[in-house]
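# Report on the structure
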Amino acid sequence: MRNPRRTLLAAIATAGALTAVAACGGGSDSSASGSGSGKSGGTYNFWDPYPQFDASSAWGKLVSKCGTDAGVKVKRTSMDTTDLGNKALLAAQQGNAPDVMLVDNPVVSTLVEAGILNKTSDLGLDTSSIQKNILGAGVIDNASYGVPIGANTLALYYNKKILTAAHVDPASVKDWASLTAALKKVKSADKKGITFSAINTEEGSFQFLPWFWGAGGDLTKLNSAKGVAALSLWKQWVDGGYAPKDVLQNTQTTSWQEFATGEYAFSENGTWQLGNADKAGFPYGVINIPGQNGGSAPVPTGGEFVTVPVQKDSSRYDVSKKIVTCLTNSANLLTTDTTLTYVAPTAAVQAQQVEKNPELKPWVGAVAAARGRTSDGLGTKYPTISQPMWTAVQNALSGGRSPQAALDTAQTAAGKG
């Protein structure tokens, strides 16, 4: 049997490696405290990664209302996503985990391996209406351990003025060849091509995955011909001047800032930039990231899961279930996902979102093609694959190694992880 303390410590290290790449993460952190009294009428502790939303925000009010509706007071604590994952593991080790916790989806498998999350089936939580690919990030060994509150992901923003000047119809971009042809036209028109993040962190892996998966790549075989094709595409763009060399240092934020100058034709970025796109001062559009041979490439899902940590007092679960159900019912999902600029995890609420805001239509399509980074049984193996992968991207784009050699090294490193 595994040593629980050793498992928790290993899980803490894993959680620390999974930085927030697509959430609405913020900065400050609040102190953690254990659970209050055990039944209806007491205080229930709730942790989330949204320090940017205070008690007066729509989100803050919803959390409080869900507690009131369940007959309890909710004590909400917000902190940075990475801090939340680490502190959750420590709190569980000390026996004072919160009653309900909202965690970044790649961290779910880490917390499950540490033995601190309840199965949704054991709690009687209904996940039947959740899209399977969104739920997948929280499924381990065919059991789900949380309810997704929404999803965000990646697509290609484009500058309409630049594409018009370069005589590029965005509808013509259907695969890698047509996208590269469009970039060539843009460069010929003395404009800048595409910006993205290839930084040596999880953000770099997050942005590379649509191209890797879009070629048919398998994360357990990083150096396959399909993986090499994806990395070769990015290298072709950097070497050809279609993408700037600073993609090696770009975060998703700095990459967006480049696009926001109005000088770039395309930007690979996320749902969370829609508000900024509306303020950019130039007309823009959004298309799905194309697969190598057409169709929408699978993109990684971002977003959080509402989870119920294991408690010594199991009588608390009934109220915790009520709080989770309140936070994730259709009426509240619409409000919450609008606030977070997330795509809802259910088709019914997605339809309401698109009716309310037609700009979300391509994002709904992107989420439909998305998959969890820890899905397909990878679970806590994902960080040991992701780091060698982003290192390979850095080595290839900097010219240090060929795409094949860089991914050969990455595969060897991932096999030892």
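The notes below deal with the structure included here.

The rules we used
- Residues numbered from 1 in each chain as written.
- Predicted model: local features only at pLDDT ≥ 70, side-chain atom pairs only at ≥ 80, totals over all residues.
- Heavy atoms only, no water.
- Disulfide = S-S within 2.5 Å.
- Helix = DSSP H or I, 4+ residues; strand = E, 2+ residues; numbered from the N terminus.
- Buried < 20%, exposed > 50% of the residue type's maximum accessible area, 1.4 Å probe, protein only.
- Pairing = 2+ DSSP bridges.
- Right-handed = clockwise from strand over helix to strand, strands pointing away.
- Axes fitted to C-alpha atoms, helices over the stretch in contact; angles between N-to-C directions.
- Parallel < 35°, antiparallel > 145°, perpendicular 65-115°, else oblique.
- Left-handed = near helix turned anticlockwise from the far one by under 90°.
- Contact = heavy atoms within 4.5 Å.

### What to know about the state of the cysteines
With the rule as written, the count across this model stands at one disulfide. Linked covalently through their sulfurs, Cys66 and Cys326 form a disulfide whose S-S length is 2.0 Å. Residues Cys66 and Cys326 are joined through a disulfide that is left-handed, its torsion about the S-S bond being -75 degrees. One end of the pair, Cys66, is in helix H2 (residues 58-69); the other, Cys326, is in helix H13 (residues 317-328), and 260 residues separate them in sequence. An identical accessibility class is assigned to Cys66 and Cys326; each is buried.

### Brief notes about the pairing of strand S1 (residues 43-48)
By the criterion of burial, S1 is predominantly enclosed, with five of the six residues buried. Here S1 runs beside strand S2 (residues 73-78); their pairing, made up of six bridges, is parallel. In the sheet register, Asp48 faces S2, and the bridge partner there is Ser78. For the crossover from S1 across H2 to S2, the handedness is right-handed.

### Looking at the packing of helix H10 (residues 225-239) against helix H18 (residues 403-416)
Put simply, H10 and H18 touch, their axes get as near as 9 Å, and they point 130 degrees apart. Relative to H18, the element H10 lies oblique. Between H10 and H18 the crossing geometry is right-handed. Taken together, the residues of H18 that come into contact with H10 (itself represented by Gly227, Val228, Leu231, Ser232 and Lys235) are Pro403, Gln404 and Leu407.

### Let's talk about the sheet that holds strand S10 (residues 284-287)
One open sheet accounts for four strands, arranged S8-S9-S7-S10; its pairing is mixed. Of all the strands in the sheet, the pair left with one neighbour each is strand S8 (192-195) and S10. Within the sheet, the average angular offset between the axes of one strand and its neighbour, ignoring direction, is 20 degrees. Bridging between strand S7 (residues 154-159) and strand S9 (residues 264-270) involves five bridges; their strand directions are antiparallel.

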